[in-house]
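# A closer look at the structure
The primary structure of each chain is shown beneath.
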Amino acid sequence: MKIATFNINNVNRRLDNLLEWLDEAKPDVVCLQELKARDIQFPQTALANAGYGAVWRGEPSWNGVAILARGAEPVLTADELPGDPEDRQARYIEAAVNGVVIACLYAPNGNPQPGPKFDYKLAWGERLLAHAAELLDSGLPVVIAGDFNIVPEPRDIYVTTSYKDNALVQPAPRAQFAGLLEQGWTDALRKLHPDATLYTFWDYMRNRWERDAGLRLDHFLISRKLVKQLRSGGVDRQVRGREGASDHAPVWIELDV
């Protein structure tokens, strides 16, 4: 099973980019973030014509998440992160696909910090920690994938001081990511590439793509049952360099399930 995560940064504006990559890469499951579309604007027909069933939760102008499955219909199990019934932001969706629970997330950015957006980021992260513990305790094979908006370690960002006050690199969010690993989740890309420089996001500004001034924001956390079945994974960097591209590249892993 080839599972991918892709912050598409507006699914309708970049639909051609998405369809081209789906045809090339042929992932079995795709987690999409930043749909930036209402539910009724989600391109279900175009994706069905490409061979993908889907579940999604949209939001006008911002956020939005979806799970695609090649030749199958994902079975929706949740369309929000538990813990705050007042939170209406479309940042989490969960579905079963061919016996694997897939959790797709778009975590809050948190900027500017300090401030209410950073407070929301940390509160959301605590809710994720609580739900992730429940998923792990279920004993099911689970993949949590998406844009975590956390740079886990200094090596996951290019050498710079321009991000020193950015929410993505602050100690508290990094501690939350470390807390997920302490629960028993495995950072799949780091497991496969322990010493490699891995970037998944390049800002549009200041020629950061051309300079390879990247960050690793998009992650796969896999449950204990899947660690021995992890076979390969990587970043489809070339997609970021195409005309009209998202500022993120697709990231993928392959599991022997």
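Residues numbered from 1 in each chain as written. Predicted model: local features only at pLDDT ≥ 70, side-chain atom pairs only at ≥ 80, totals over all residues. Heavy atoms only, no water.

### Quick look at the sheet that holds strand S3 (residues 52-57)
Here we have six strands laid out as an open sheet, ordered S3-S4-S2-S1-S12-S11, and mixed in their pairing. Because the sheet does not close on itself, it has two edges, and the strands there are S3 and strand S11 (230-235). When the angles between neighbouring strand axes are averaged without regard to direction, this sheet yields 15 degrees. In this structure, S11 lies alongside strand S12 (residues 251-255), joined through five bridges in antiparallel fashion. Along S12, the bridge assignment pairs Val 235 with Val 251. Its contacts with the sheet put helix H1 (residues 15-25) on strand S1 (2-7), strand S2 (29-33), S3 and strand S4 (65-70), and the angle it makes with S1 is roughly 160 degrees. (Pairing = 2+ DSSP bridges. Helix = DSSP H or I, 4+ residues; strand = E, 2+ residues; numbered from the N terminus. Axes fitted to C-alpha atoms, helices over the stretch in contact; angles between N-to-C directions. Contact = heavy atoms within 4.5 Å.)

### Describing the environment of Asp 23
Its location among the elements puts Asp 23 in helix H1. On the basis of relative accessibility, which here comes to 54%, the residue Asp 23 falls in the exposed class. Sequence separation between Asp 23 and Tyr 204 is 181 residues; the distance between their C-alpha atoms is 25 Å. (Buried < 20%, exposed > 50% of the residue type's maximum accessible area, 1.4 Å probe, protein only.)

### Quick look at the sheet that holds strand S8 (residues 142-147)
Pairing is mixed in the open sheet, where six strands are placed in the order S5-S6-S7-S8-S10-S9. Edge positions in the sheet fall to strand S5 (75-78) and strand S9 (186-187), since each has one partner strand and no second. Here strand S7 (residues 100-106) pairs with S8 via six bridges, running parallel. Across the sheet, the residue bridging to Ala 103 is Ile 144, located in S8. The strands touched by helix H3 (residues 116-137) are strand S6 (92-97), S7 and S8; relative to S6, the strand with the most contacts, the crossing angle is about 20 degrees. Lying over the sheet, helix H4 (residues 171-183) contacts S9 and strand S10 (218-222), oriented at roughly 25 degrees with respect to S10.

### Examining the pattern of salt bridges
Per the stated rule, a full pass over the model turns up 14 salt bridges. The salt bridge involving Glu 24 is made with Arg 242; its shortest N-O contact spans 3.0 Å. A residue pair is termed long-range when its members are at least 10 positions apart, and Glu 24 in helix H1 and Arg 242 in the loop between S11 and S12 qualify at 218 residues. Salt-bridge contacts for Asp 212 lead to Arg 237; the nearest nitrogen and oxygen are separated by 3.1 Å. Here Asp 212, found in the loop between helix H5 (188-192) and S10, pairs with Arg 237, found in the loop between S11 and S12; they are 25 residues apart in sequence, far enough to count as distant. Given a relative accessible area of 31%, Asp 212 falls into the partly exposed group. Under the relative-accessibility criterion, Arg 237 is labelled partly exposed at 34%. Connected via shared salt-bridge partners are Asp 156, Asp 187, Arg 190 and Arg 216. (Salt bridge = Lys/Arg side-chain N within 4 Å of Asp/Glu carboxyl O.)

### Notes on empty space enclosed by the protein
Regions of empty space are outlined by a rolling probe, equal in size to a water molecule, passed over the atoms. Enumeration according to the criterion identifies two cavities of 30 Å³ or more in this entry. Around the largest cavity, the lining residues are Ala 107, Pro 108, Lys 121, Trp 124, Gly 125, Leu 128, Leu 129, Phe 148, Ile 150, Gln 176, Phe 177 and Leu 180. Contributing elements (two or more residues each) for the lining of the largest cavity: H3 and H4. Considering only residue class, the lining of the largest cavity consists of nine nonpolar, two polar and one charged. Taken as a whole, the second largest cavity encloses approximately 60 Å³ of empty space. Surrounding the second largest cavity, Arg 57, Glu 80, Leu 81, Asp 84, Asp 87, Gln 89, Arg 91, Tyr 92, Trp 124 and Arg 127 form its lining. Classifying every residue of the lining of the second largest cavity by side-chain character gives three nonpolar, one polar and six charged. (1 Å grid on protein atoms, 1.4 Å probe; cavity = no way out; pocket = protein on both sides within 12 Å on 5 of 7 lines; lining within 4 Å. Points joined across faces, edges and corners; volume = space filled by probe spheres on them. Nonpolar A, V, L, I, M, F, W, Y, C, P; charged D, E, K, R; others polar.)

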